[in-house]
Amino acid sequence: MAGLNAKQIEVALFLHQQELYKRDFFEFVKFCAPLLENTQWSWNFHHEYICQRLQDEILRIKRKERRKKHLIINVPFRSSKSLIVSICLPLWTAIVAPEISFINLSYSANLSTDHSNKVVALINHPEFKKFFNLEFENNQFAKTDFKLKNGFSRLSGGVTGTVLGRGASIIVLDDPNNTQRLSEVERENTIRAWRDTISTRLNLPDVDMFICVQQRLHFFDLSGYLIDKEPDKWEHICLPAELSDNISPSFLSVKYQ
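All values derive from a computational prediction rather than experimental measurement.

Draft legend 1. Representation of the overall build of the chain. In terms of regular secondary structure, the chain is built from 8 helices and 8 strands. What you see for the chain is a C-alpha radius of gyration of 19 Å, in line with the 18 Å of a compact globule of 257 residues. C-alpha atoms of the chain, sized along the principal axes, occupy 65 × 50 × 35 Å. Classification of the 257 residues of the chain by burial places 48% in the buried group. Counting contacts in the chain only where the partners sit at least 6 residues apart, residues at least 24 apart contribute 74% of the total. In the structure as shown, the chain presents an accessible area of about 13,100 Å², 48% of it carried by carbon and sulfur atoms. Measuring between centres, the 32 positive side-chain charges of the chain sit 3 Å from its 30 negative side-chain charges.

Draft legend 2. Summary view of the packing of aromatic side chains. For the coordinates displayed, the defined rule picks out 18 aromatic pairs. On the basis of an interplanar angle of 10° and a centroid distance of 5.3 Å, the ring pair of Trp-41 and Trp-43 is categorised as stacked. According to the relative accessible area criterion, Trp-41 is partly exposed, its value standing at 22%. On the accessibility criterion, Trp-43 (27% relative accessible area) is partly exposed. Among the aromatic side chains, those forming a connected cluster through ring pairs are Phe-14, Tyr-21, Phe-28, Phe-31, Phe-128, Phe-131 and Phe-132.

Draft legend 3. The nonpolar core, seen in detail. Grouped together as the largest cluster of nonpolar side chains are 56 residues, with contacts concentrated most on Phe-25, Phe-28, Leu-54, Ile-58, Phe-128, Ile-170 and Ile-211. Ile-211 has contacts with Leu-54, Leu-71, Ile-73, Val-85, Leu-89, Ile-170, Ile-171, Val-172 and Leu-173, leaving out every residue within four places of it along the chain. Ranked by size, the runner-up nonpolar core spans 19 residues in total, among them Leu-105, Ala-168, Ile-171 and Ala-193.

Draft legend 4. Expanded view of the packing of helix H3 (residues 45–62) against helix H4 (residues 81–96). Put simply, H3 and H4 touch, their axes get as near as 11 Å, and they point 40° apart. Put simply, H3 runs oblique to H4. Along this stretch, H3 crosses H4, giving a crossing that reads as right-handed. The segment H3 lies against H4, with His-47, Ile-50, Cys-51, Leu-54, Gln-55, Ile-58, Leu-59 and Lys-62 engaging Ile-84, Val-85, Leu-89, Trp-92, Thr-93 and Val-96. Of the residues that constitute the contact of H3 with H4, the class distribution is 10 nonpolar, 3 polar and 1 charged.

Draft legend 5. Main features of the packing of helix H7 (residues 184–196) against helix H8 (residues 222–229). The N-to-C vectors of H7 and H8 enclose an angle of 50°; their axes lie 10 Å apart at closest approach. Considering the angle they form, H7 stands oblique to H8. Helix-helix and strand crossings are classified by hand; for H7 and H8 the assignment is right-handed. Between H7 and H8, the residues in contact are Thr-190, Ile-191, Trp-194 and Arg-195 and Leu-222, Tyr-225 and Leu-226, respectively.

Basis of the calculations
- Residues numbered from 1 in each chain as written.
- Predicted model: local features only at pLDDT ≥ 70, side-chain atom pairs only at ≥ 80, totals over all residues.
- Heavy atoms only, no water.
- Helix = DSSP H or I, 4+ residues; strand = E, 2+ residues; numbered from the N terminus.
- Rg over C-alpha atoms; globule rule 2.2 N^0.38 Å.
- Buried < 20%, exposed > 50% of the residue type's maximum accessible area, 1.4 Å probe, protein only.
- Contact = heavy atoms within 4.5 Å.
- Areas by Shrake-Rupley, 256 points an atom, 1.4 Å probe, with all protein chains shown as cover.
- Lys, Arg positive; Asp, Glu negative; His and termini not counted.
- Charge placed at Lys NZ, Arg CZ, Asp CG, Glu CD.
- Phe/Tyr/Trp six-rings, centres within 6.5 Å; stacked < 30°, edge-to-face > 60°.
- Core = buried A, V, L, I, M, F, W, Y, C linked by side-chain atoms within 4.5 Å.
- Axes fitted to C-alpha atoms, helices over the stretch in contact; angles between N-to-C directions.
- Parallel < 35°, antiparallel > 145°, perpendicular 65-115°, else oblique.
- Left-handed = near helix turned anticlockwise from the far one by under 90°.
- Nonpolar A, V, L, I, M, F, W, Y, C, P; charged D, E, K, R; others polar.

So, in structure tokens, the structure goes:
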């Protein structure tokens, strides 16, 4: 940057950083995480891999290319899955492809609302606003159901609730099974909600996609049901806490220590 004054260098660095966040979802996640939780974040290979796979899918949908498979992501608890998939992914999409709409579902409407609150908190955060000024449609704002002036929309609710009168480009099922109550009745209610309602709510069925992300809880939690009943429709990303023989994709095994 020879020949530039201090102000010009500052502007150039700002524009470079802004463009980096737009081009690289993983960098965007690393930018957003400290704004939500003032702690020392330790980033791992699984964060980067999941972010890259999700970025690939967002850009594919933006190009309206035919989908190969939906995504199941199984990772342990406390592995930042909700931060990445339910909070940062819709927000990054609102910046790079606002025509793509989201529905985010969890086993509990309260949990889903908490994720939505964090999206709104990021949009309103002064540090975030320096890079991206996203504005809400004044007549279409609720923390669980909002639309931005650029056209992006995000709806959240419970898996077995009544929010699914609408469709979306991406439907995220983040912890669709209750981690505390995993009775046969609860499991069947979740599966029925998927089978009878959720599975029909993609706007463009050949292009749009479902993302199911959860820690495994039971052989027939929703991930298990989908893998068993619809194996050809789902790409299964399985990254357990310790090295094992069920890591998928298998080439990530070399990353374990």
